[in-house]
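# Results of the structural survey
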Amino acid sequence: MGKMEKEMGTQVAAAKKAELSADDLDFMAQHAGTGTNFDTDDLVVPFLRLAQKMSPELAKNDAKYIKGLDYGDMFNNLTHEVFPADDGGVNVIVCGTRKKAFEFTPQEAGGGWVGELALGDNRLQKIRREGSKEFFQDTGNECVIAEEFICLLLDESGGWDPIIVDMKGTQRQVAKRWRTMIKMQKFDHPKHGMVSAPIFACIWNLTSVDVVNKANKTYANYKVDRVGFHPVDLRP
């Protein structure tokens, strides 16, 4: 690295540590949002993921490697922010749910995404199961059903950032339990009595736990607990 590059690196590092002055803040406030009117098709949706023992994000030589990530940690696949397994997890508000079906070539054939299927596709009725995985009878490709929870995640500043929690395979049992808990939420209204709460009424805490499968192998899975009603929305 040359002298100029070193000086530039030092300046960038110093800029990252320096706090913005009041004048800087005022200037940026005057131009708030300038140049950021992107089409939704030009944006990437962040996903909350759970690191497994064989996750590529743990391999230092993999392009997906995330520094500081360990088995059982959750992470934002877009920003690479890590939520350590021993740090209390994350808090989210669910704004909606949906189910999706995907087709992938098997790992032994090189792996890779083939496409998304409509949930009413007849091919989904012709699936064979091998262990914990499902495969299409016609192509032999793997069928993956994802339960997606469209959420807002509480960040360090107290704000809420959009993120999708998608659960596949054995995680779908957790998704089923989570949906059931959401459905059960009610509050006592002074005029209308017990009323079913809307999906966005509660804050939920997501953590990771170790689970042992039938093959006696340990893997990380989600654990979902209710924190309480969102103070801005509804109170019990």
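## Side note on the overall build of the chain
Counting its secondary structure elements, the chain contains three helices and 13 strands. Counting the 236 residues in the chain, one finds 31% classified as buried. Restricting to contacts in the chain with at least 6 residues of sequence separation, those with at least 24 account for 51%. If you sum the accessible surface of the chain, you get close to 15800 Å²; carbon and sulfur atoms cover 53% of it.

## What about the confidence of the model for the chain?
Mean pLDDT for the chain: 85, with 89% of residues reaching 70 or above. For the chain, helix H1 (residues 3-17) is the element with the lowest average pLDDT, namely 40, and strand S2 (residues 74-76) is the one with the highest, namely 97. Below a pLDDT of 50 lies the segment residues 1-17, which in the model reaches one contact outside its immediate sequence neighbourhood of four places, other chains included.

## Some points on the pattern of salt bridges
In a structure, side chains of opposite charge can pair up when their charged atoms sit close to one another. Under the counting rule described, the total for this entry stands at eleven salt bridges. Across the salt bridge formed by Arg-49 and Asp-166, the nearest N and O atoms sit 3.1 Å from each other. Taken as a pair, Arg-49 in strand S1 (residues 47-50) and Asp-166 in strand S9 (residues 160-168) lie far apart in primary sequence, 117 residues in all. Its relative accessible area of 5% is what places Asp-166 among the buried residues. Across the salt bridge formed by Glu-103 and Arg-123, the nearest N and O atoms sit 2.9 Å from each other.

## Section: the pairing of S1
Bridging between S1 and S9 involves two bridges; their strand directions are parallel. Counted as the bridge partner of Leu-48 is Val-165 from S9. Where S1 meets S2, three bridges bridge the pair, whose relative direction is antiparallel. Bridge pairing in S2 places Arg-49 opposite Phe-75.

## Topic: the nonpolar core
Leu-48, Phe-149, Val-165, Trp-178, Trp-204 and Leu-206 are the most contacted members of the largest nonpolar core, which has 28 residues in total. Those elements that place two or more of their residues in this core are S1, strand S4 (90-104), strand S8 (142-154), S9, helix H3 (171-184), strand S12 (202-212) and strand S13 (218-229). In terms of residue count, H3 provides more of this core than any other element does, five residues in total. When residues no more than four places from it in sequence are discounted, the contact partners of Trp-204 are Val-90, Asn-91, Val-92, Val-94, Trp-178, Met-181, Ile-182, Gln-185, Val-224, Asp-225, Arg-226 and Val-227. Judged by nonpolar contacts, the second largest core, of six residues, contains Leu-117, Leu-124, Phe-136 and Cys-143.

## Some remarks on the packing of aromatic side chains
Taken as a whole and assessed by the stated rule, the structure comprises four aromatic pairs. Relative to Trp-178, the ring of Phe-149 has its centre 4.2 Å away and its plane inclined at 20°; by these criteria the two rings are stacked. Of this pair, Phe-149 sits in strand S8 while Trp-178 sits in helix H3, placing them 29 residues apart in sequence. With a relative accessible area of 0%, Phe-149 lands in the buried category. Overall, the relative accessible area of 0% leaves Trp-178 in the buried class. Plain terms: the ring middles of Phe-187 and Phe-229 are 6.5 Å apart, the flat faces sit at 85° to each other, and that makes the pair edge-to-face. Placement of the pair is Phe-187 in strand S10 (residues 186-189) and Phe-229 in strand S13, with a sequence separation of 42 residues. Note on accessibility: Phe-187 and Phe-229 belong to one class, buried.

Cut-offs applied
- Residues numbered from 1 in each chain as written.
- Predicted model: local features only at pLDDT ≥ 70, side-chain atom pairs only at ≥ 80, totals over all residues.
- Heavy atoms only, no water.
- Helix = DSSP H or I, 4+ residues; strand = E, 2+ residues; numbered from the N terminus.
- Buried < 20%, exposed > 50% of the residue type's maximum accessible area, 1.4 Å probe, protein only.
- Contact = heavy atoms within 4.5 Å.
- Areas by Shrake-Rupley, 256 points an atom, 1.4 Å probe, with all protein chains shown as cover.
- pLDDT = per-residue confidence, 0-100.
- Salt bridge = Lys/Arg side-chain N within 4 Å of Asp/Glu carboxyl O.
- Pairing = 2+ DSSP bridges.
- Core = buried A, V, L, I, M, F, W, Y, C linked by side-chain atoms within 4.5 Å.
- Phe/Tyr/Trp six-rings, centres within 6.5 Å; stacked < 30°, edge-to-face > 60°.

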